[in-house]
Amino acid sequence: MIPRHLEIAMAVLLSAVLMLSFYVSRMRARVKATAAVVDNRPVAPPPAGPTEQAALYIAYDDPGVLHAESAAIRLPSGRQERAQELVEALLARYLDKNSPHILPAQADVREVYMVDPGLVVIDLNSALADGHRSGILVETLTIASFSQTLATNLPGISRVKFLVDGKSRETLAGHADLSGDYQIQAIATLSQQLQSSP
Amino acid sequence: MRRTVRLHPSLAFALSLLSFALFVLGDASEPKLISIYSPIANYSLSLARRGSHDYVGLLEILEPLGTVSSRVEAQNWRLRFNSIEGMFPNGAARVRIHGREIDLSAPFLLEGGRGLVPVDSLGTVLPVFLAFPVVFHASGLRLFIREEGTSYTTQLESGTPARLILNFSSPVNPRIATEPGKLRMTFTRDPIIASGPPLVSFNNATISAASFVETNGAAEITITSAVPLLASFGNDGRRITIAPAPSATLPAPSANRNSAAAPQSPPPLSAPPSSPGATTGSPAAAPNRIFVAIDPSHGGAETGATFSPTLVEKDVTLAWARQLRRECEARLLRTMLVRDQDIDLQNDQRAVMVNVARPAIYISLHAASEGKGAHVYTALLSLSTPEQGLFLAWDHAQVQSLASSQAAAAAITAELGKNIPARAVVAALRPLGNIVVPAVALEVAPRNGDLADLADADYQRQVASSVVAALAALRGKLEAAQ
């Protein structure tokens, strides 16, 4: 005959197992529901389209110049997607360990908007702006690199506007003015000047 | 028989002129305001003049402070604030609030469903609704509801130049206006209260007095001075420092001074050929205008680039600026330092100071750790200048001087290039675009990447000499344009 205290212990353990099973099943359901919500977000497809040769205007801090370089990039057909890919290509170059123009580690471009007629809006993240090195030349090189690359590869752009975290900002890092639009003709002049060494 | 009255043309013109003048003068009178300060909100309301009394909407006063509703019943206006109800008979000077009879200084008025009470009675009416006392400064039309106010202290530092420091118990944001002999700070949203006598006199020739006055829903602090003043903010808006605006400096006209102060400096510049009657550059012969405005960038809380824990851009630019001023003075070039202390200056303030002084050229100084040598920048302006009729757009004020700026940048670059790497570039850099006279920015980096160069006196002297040599070559053209 099983002693009474063992019966009680078994009953308690069985109850605990049942309660835990119920709890685990509830938790699983909750996790599934949460995961479903997260998964509902659209996932950007990898860029589709043929690889094309694009002109990237790469900033070199030493000796402070802007060089046009050809790069094979898979570019989608849509203008906005193309602009995004071009900007991503520049960022990848600047975040590389052998970067010629170092940007902060968490630097990113949140979005590129094509606004007719001819305005492109580049929305930088705050990590890029807040961590950017301060100086007229280094800040101007960043502005010129992004602007001239887009203007060269996407005909029809006449103005470029920079935002930081979706908001207008006075300067990039204390010098380069971000409060207004950059006219592409003026950027072209600037890029031309920056292509020659001091 | 009909009789036609014809108005003489000159009489018609005079009448039109009179009507216009009356219209303009009628509109020019400033509306009366009452300001309310409370821990919940600070706000201002317009007053309405009825007879010999000023009235204000009672619902508008109470609205930001709690739940308020009103309704009109026959000739009575009923107002409910939180749980307290008031009954205001139209045209009566006695009203009932929360069961109490209150006498107003003038009859209550009901206009278009809006209940107006005389301003003088607010001190009686509001405490019943709010259940705590209020303080009403009747002469200044300022009402303090459970608000102790922001006090301030004044402290005059009688150095050279004298500075007046105002420390406030909480951050403030006044409107600042200057006029000859006065700097006026108007506090509309800040509950500033006097913490001493309304007029404080200083035994100082530069800053002689500070006065406090309350008027039309605002507090005003007026600083009286013999020279133009400039205000800068610090300590997160809790401190305002008033100091003389940087003024022109003119080297002493003594030849001995030149030989003593700068024995190796080049001889004074020749007068520009276009200046008839001018002889070699003695101050008496030189035009009584500032030739160069030197602007050390950044300052105060805005440090610019940080090169090392002990070396920041604002200090480097100030040292360079002082060196450049010495070089200019050695050549008898009249100079002005936009900033000669470690103070906060906004770009707009810098531009206004320079545009008022109208120098022949403006030079903004920057320092950088990146790159080598010097970059000379001119404003990057869009090619299409917005049409503004008689006025220049603020962001394009530089457009008419841009060609001269580029010529100056080229000359300075050529002169600098004799010793260090140098290049002329355009840049979107404020306040270059806001300056009406020829304007350049000079960014100096170390010669060979060694940051110690930035604080090196020899390097500073070398760069300054090159810049001044270029300015000397351009002097004739720049002064002719000036």
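Residues numbered from 1 in each chain as written. Chains lettered and ligands numbered in written order. Predicted model: local features only at pLDDT ≥ 70, side-chain atom pairs only at ≥ 80, totals over all residues.

Caption draft 1: Region of the structure containing the overall build of chain B. In terms of helices and strands, chain B carries eight helices and 31 strands. Within chain B, the proportion of its 482 residues that are buried is 40%. Contacts in chain B between residues far apart in sequence, at least 24 positions, make up 63% of those at least 6 positions apart. (Helix = DSSP H or I, 4+ residues; strand = E, 2+ residues; numbered from the N terminus. Buried ≥ 20, exposed ≤ 12 C-beta atoms within 10 Å, placed from the backbone. Contact = placed C-beta atoms within 7 Å.)

Caption draft 2: Layout of the overall build of chain A. Helix and strand counts for chain A come out as five helices and six strands. Going from N to C terminus, chain A has its helices and strands arranged as α-β-β-α-β-β-α-α-β-β-α. In chain A, which comprises 198 residues, the proportion classed as buried is 33%. A separation of at least 24 residues holds for 64% of the contacts in chain A among residues at least 6 apart in sequence.

Caption draft 3: Region of interest: the environment of glutamine 323 of chain B. All names here are of chain B. Secondary-structure assignment places glutamine 323 in helix α5 (residues 313–330). Linking glutamine 323 and arginine 461, residues 138 residues apart in sequence, is a C-alpha distance of 6.6 Å. With residues up to four places along the chain from it excluded, the contact list for glutamine 323 reads Gln460, Arg461 and Ala464.

Caption draft 4: The arrangement of the sheet that holds strand β21 (residues 229–234) of chain B in detail. Residue and element names in this part refer to chain B. Ordered in space as β14-β15-β22-β21, the four strands form an open sheet in which the pairing is antiparallel. Every interior strand has two partners, whereas the edge strands, β14 (152–157) and β21, have only one. Neighbour-to-neighbour, the strand axes of the sheet open up by a mean angle of 20°, direction not taken into account. With four bridges joining them, strand β15 (residues 163–168) and strand β22 (residues 239–244) adopt antiparallel strand pairing. Bridging across to β22, isoleucine 165 finds its partner in threonine 241. (Pairing = 2+ DSSP bridges. Axes fitted to C-alpha atoms, helices over the stretch in contact; angles between N-to-C directions.)

Caption draft 5: Representation of the interface of chain B and chain A. Listed as interface residues are 26 residues of chain B and, on the opposing side, 24 residues of chain A. Among the secondary structure elements, those contributing two or more residues to the side of chain B that touches chain A are β29 (374–379), β30 (422–427) and β31 (439–444) of chain B. Per-element accounting of the side of chain B that touches chain A gives the leading share, five residues, to β30 of chain B. For the side of chain B that touches chain A, the per-class residue count stands at 14 nonpolar, six polar and six charged. (Nonpolar A, V, L, I, M, F, W, Y, C, P; charged D, E, K, R; others polar.)

Caption draft 6: Local environment of the nonpolar core. Residue and element names in this part refer to chain B. Ranked by internal contacts, the top residues of the largest apolar core, which has 107 residues, are Val292 and Val440. Those residues in contact with valine 292 that lie beyond four places of it in its chain are Cys328, Leu333, Thr335, Pro359, Ala360, Ile361, Ile363 and Leu471. One finds Ile34, Ile61, Leu62 and Phe136 within the second-largest nonpolar core, a separate group that totals 29 residues. (Core = buried A, V, L, I, M, F, W, Y, C linked by C-beta atoms within 7 Å.)

Caption draft 7: Local environment of the pairing of strand β13 (residues 142–145) of chain B. Residues and elements named next belong to chain B. Bridge analysis of strand β1 (residues 33–37) against β13 gives three bridges, and the strand direction is parallel. Residue pairing in the sheet places isoleucine 36 in a bridge with leucine 143 of β13. Looking at chain direction, strand β12 (residues 134–137) and β13 are connected through four bridges and run antiparallel. Note on β13: the bridge partner recorded for valine 134 is isoleucine 145. In textbook terms, the turn of a hairpin is the stretch between consecutive antiparallel strands, and for β12 and β13 this stretch comprises four residues, one of which, leucine 141, has a positive phi near 55°.

Caption draft 8: Just the sheet that holds strand β3 (residues 109–115) of chain A, in detail. All names here are of chain A. Within the open sheet, the four strands sit side by side as β3-β4-β5-β6. Their pairing is mixed. Single-partner strands in this sheet number two, and they are β3 and β6 (182–183). Pairing of strand β4 (residues 119–124) with strand β5 (residues 159–164) involves six bridges; the strand directions are parallel. If you follow valine 120 over to β5, its bridge partner there is valine 160. In the packing of helix α2 (residues 79–95) onto the sheet, the strands contacted are β3 and β4, and the crossing angle to β3 comes to about 145°.

Caption draft 9: Quick look at helix α4 (residues 136–153) of chain A. For α4 of chain A, spanning 18 residues, the distance from its first C-alpha to its last is 26 Å, which sits close to the expected 26 Å at 1.5 Å a residue. Judged by how many residues are buried, α4 of chain A sits mostly within the fold: 17 of 18 residues are covered. (Expected span 1.5 Å × (residues − 1).)

Caption draft 10: Inspection of the packing of α5 of chain B against helix α8 (residues 457–481) of chain B at higher detail. Residue and element names in this part refer to chain B. Running from N to C, α5 and α8 point in directions that differ by 50°, and their axes come no closer than 9 Å. The orientation of α5 with respect to α8, classified from their angle, is oblique. Viewed along their axes, α5 and α8 form a crossing whose handedness is right-handed. Every residue of α8 that contacts α5 at Ala319, Trp320, Gln323, Leu324, Glu327 and Cys328 is listed here: Gln460, Arg461, Ala464, Ser465, Val467 and Val468. (Parallel < 35°, antiparallel > 145°, perpendicular 65-115°, else oblique. Left-handed = near helix turned anticlockwise from the far one by under 90°.)

Caption draft 11: Quick look at α8 of chain B. For α8 of chain B, built from 25 residues, the straight-helix expectation of 36 Å at 1.5 Å per residue is met to within 8% by its first-to-last C-alpha distance of 33 Å. Where α8 of chain B bends most, the angle comes to about 60°, and this point is leucine 474 of chain B. (Bend = angle between axes of the 7 residues up to and from the residue.)

Caption draft 12: Examining the pairing of strand β2 (residues 42–46) of chain B more closely. Residues and elements named next belong to chain B. Direction of pairing for β1 relative to β2: antiparallel, over a ladder of five bridges. Across the sheet, the residue bridging to leucine 33 is serine 46, located in β2. Counted between consecutive antiparallel strands, the loop separating β1 from β2 contains four residues.

Caption draft 13: Looking closely at the confidence of the model for chain B. Residues and elements named next belong to chain B. In this model, chain B carries a mean pLDDT of 81, and residues with pLDDT of at least 70 account for 83%. In the predicted structure, residues 1–5 sits below a pLDDT of 50 and forms zero contacts with residues beyond four places in sequence or in another chain. Taken together, the chains of this predicted complex give a pTM of 0.57 and an interface ipTM of 0.74. (pLDDT = per-residue confidence, 0-100.)

Caption draft 14: The arrangement of unusual backbone geometry in detail. Here the residue pair aspartate 62 of chain A and proline 63 of chain A is connected by a cis peptide bond, since its omega of 20° sits within 30 degrees of zero. By secondary structure assignment, the location of proline 63 of chain A is in the loop between β1 (51–60) and β2 (65–74). That bond from arginine 430 of chain B to proline 431 of chain B is cis: its omega, 5°, falls within 30 degrees of zero. At alanine 74 of chain B, a position not held by glycine, the phi torsion is positive, near 55°.

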